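# Residue-level structural notes
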Amino acid sequence: MKKKLLLPILSLVCLLACAICLTACGGNNENDGGHKHSARTYCIDEDSHWKVCEDCGEEFAKGEHSLNASGVCSACGLITVYTQGLKFSEITDDGIIIAYEVKGIGTATDADIIIPSYYNSKPVTSIGYYAFRGRSSLSSITIPDSVTSISDGAFYACSSLSSISIPNGVTSIRDYAFRGCSSLSSITIPNSVTSIAYRAFEGCNKLIQTENGVQYVDKWVIYCARSVTSVNIRSNTVGIAAHAFSGCSSLSSITIPNSVTSIDSAFSGCSSLSSITIPNSVTSIGSGAFSECSILTSITIGDGVTSIEDNAFSNCSSLTSITIPNSITSIEYHAFYNCSSLTSITIPNRVTSISYWAFEGCNKLIQTENGVQYVDKWVIYCDRSVTSVNIRSNTIGIADSAFSYCYSLTSITIPNSVTSIGGGAFYNCNSLTNITYNGDLASWCKIDGLYYLMSCGKSNR
């Protein structure tokens, strides 16, 4: 009999305990005594004066409970997500959901949008491709710090959007991201942003500031009038957007301040530019940065630069010499493609990667010995008909794909001066059977990171 009464009594106690917990709407998900809030619920409803928490049913006055950009209720500490009907898509890794991307407005109708930090217990890390395109009623949007990427056209033609703050996690603003935001008059771009793409702010006429023919958005150069011949970029500038000066065929002189940290494909086609100095503050010379600068003869690269990206100096046919600073570790695809006048280059020992065809067409620079082509102390190419190679003793690196498809190559001798072997350097060398490395196994293992020639577990060479 006691057992029969015990179960209903225990059930009643549990119900009473849950009721007490549910009316509290206090604490967070970790410390609320087991009260778990749904990830899709919210604490505010802008359409009425009195609000009801959809998790616990508690009523509260308008403005008493509100969520910040991280999705946390300021009054009760509820960790939740206020989605306003926004549409999300999954970001997966090997089939596992690791994050979410905002894909669009969904069923939301509000002019003021709050993007949550989390959705379904996963971080929201990006605003998707044309996510809010053409939403003319959108006047304000809050972007959480969890967002690291703003995709192409994300806010294209949001004509009522007047201000926006980009969170610190964002590193790039893509093509047309804010194009046609005609009411946008205020924006904060953090220093974490290292690239602003082509026409990202086109048509944002209330936002753009113009000085001496140069257009700025916040601390970034985004455009230069084609007729300008000389430019002094203002001192607080941190970046030069993609194509900002491209096609400025009259530009013959430019001064870049030490505040600038990023140069993308900014000066392509500046056919009157003969010399340039890149300050120490710049960390990367971006893809196509000075391509087609046909009379560029002198360039000074600052000590802060760590990489020279794809096509950075391609078709700079008047460039005769260049010194790569010790800070640089990589030279990418076609970086100096068709620099036909280039006769001198110094590549520091810190460079550990030269991509394939980085110096294609630099015929005055390339030295050829026994079918092997060298630039400075790097092997960059081997003739496909070569059967045996002795790499010269001062060589420090073998570029990407340098010996790829050398079907006839049967033997190779590598000096102990070599400290770097590029990706696919010996790809499809099907006849290669005899490898001699003039150094000890421990030294070899430091450069044989993949499976280029032999296993570090074997002592035979």
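Below, the structure is looked at part by part. Nothing here was measured: the structure is a model prediction, and the numbers come from that model.

## Side note on the sheet that holds strand E22 (residues 284-285)
- In space, the nine strands of this open sheet follow the order E14-E15-E16-E18-E20-E22-E24-E26-E28, with mixed pairing throughout. Every interior strand has two partners, whereas the edge strands, strand E14 (209-211) and strand E28 (353-354), have only one.
- Sheet topology places E22 next to strand E24 (residues 307-308); two bridges connect them, and they run parallel. The partner of Ile285 across the bridge, within E24, is Ile308.

## Here we look at the pairing of strand E30 (residues 372-375)
- Bridge count between strand E29 (residues 367-369) and E30: three bridges; the pairing is antiparallel. Residue pairing across strands places Gln367 opposite Tyr374, the latter belonging to E30.
- In sequence, E29 turns back onto E30 through a hairpin of two residues, with Asn370 there showing a positive phi of about 50°.
- Both E30 and strand E31 (residues 378-382) contribute to a ladder of four bridges, which runs antiparallel. Following the sheet pairing, Gln373 is matched in E31 by Tyr381.

## Considering unusual backbone geometry
- A positive phi angle, close to 70°, is found at Ser121, a residue other than glycine.
- Looking at the element boundaries, Ser121 is found in the loop between strand E6 (118-119) and strand E7 (122-127).
- For Ser121, a relative accessible area of 62% translates into the label exposed.
- At Trp357, a residue that is not glycine, the phi angle is positive and equals roughly 60°.
- Note on placement: Trp357 falls in the loop between E28 and E29.

## Describing the environment of Ser195
- Note that Ser195 resides in strand E13 (residues 195-196).
- Residues Ser195 and Ala242, 47 residues apart in the sequence, show an inter-C-alpha distance of 7.3 Å.
- Setting aside chain neighbours within four positions, we find Ser195 in contact with Thr171, Ser172, Ile173, Trp220, Ser262 and Asp264.

## With respect to the sheet that holds strand E34 (residues 411-415)
- Spatially, E32-E34-E36 is the arrangement adopted by the three strands of the open sheet, whose pairing is parallel. Only two strands of the sheet have a single neighbouring strand rather than two, namely strand E32 (388-390) and strand E36 (434-438). Strand-to-strand twist across the sheet, computed as the mean angle between neighbouring axes with direction ignored, equals 10°.
- Sheet analysis places E34 next to E36, joined by five bridges and oriented parallel. Across the sheet, the residue bridging to Thr413 is Thr436, located in E36.

So, how was this worked out
Residues numbered from 1 in each chain as written. Predicted model: local features only at pLDDT ≥ 70, side-chain atom pairs only at ≥ 80, totals over all residues. Heavy atoms only, no water. Pairing = 2+ DSSP bridges. Helix = DSSP H or I, 4+ residues; strand = E, 2+ residues; numbered from the N terminus. Buried < 20%, exposed > 50% of the residue type's maximum accessible area, 1.4 Å probe, protein only. Contact = heavy atoms within 4.5 Å. Axes fitted to C-alpha atoms, helices over the stretch in contact; angles between N-to-C directions.

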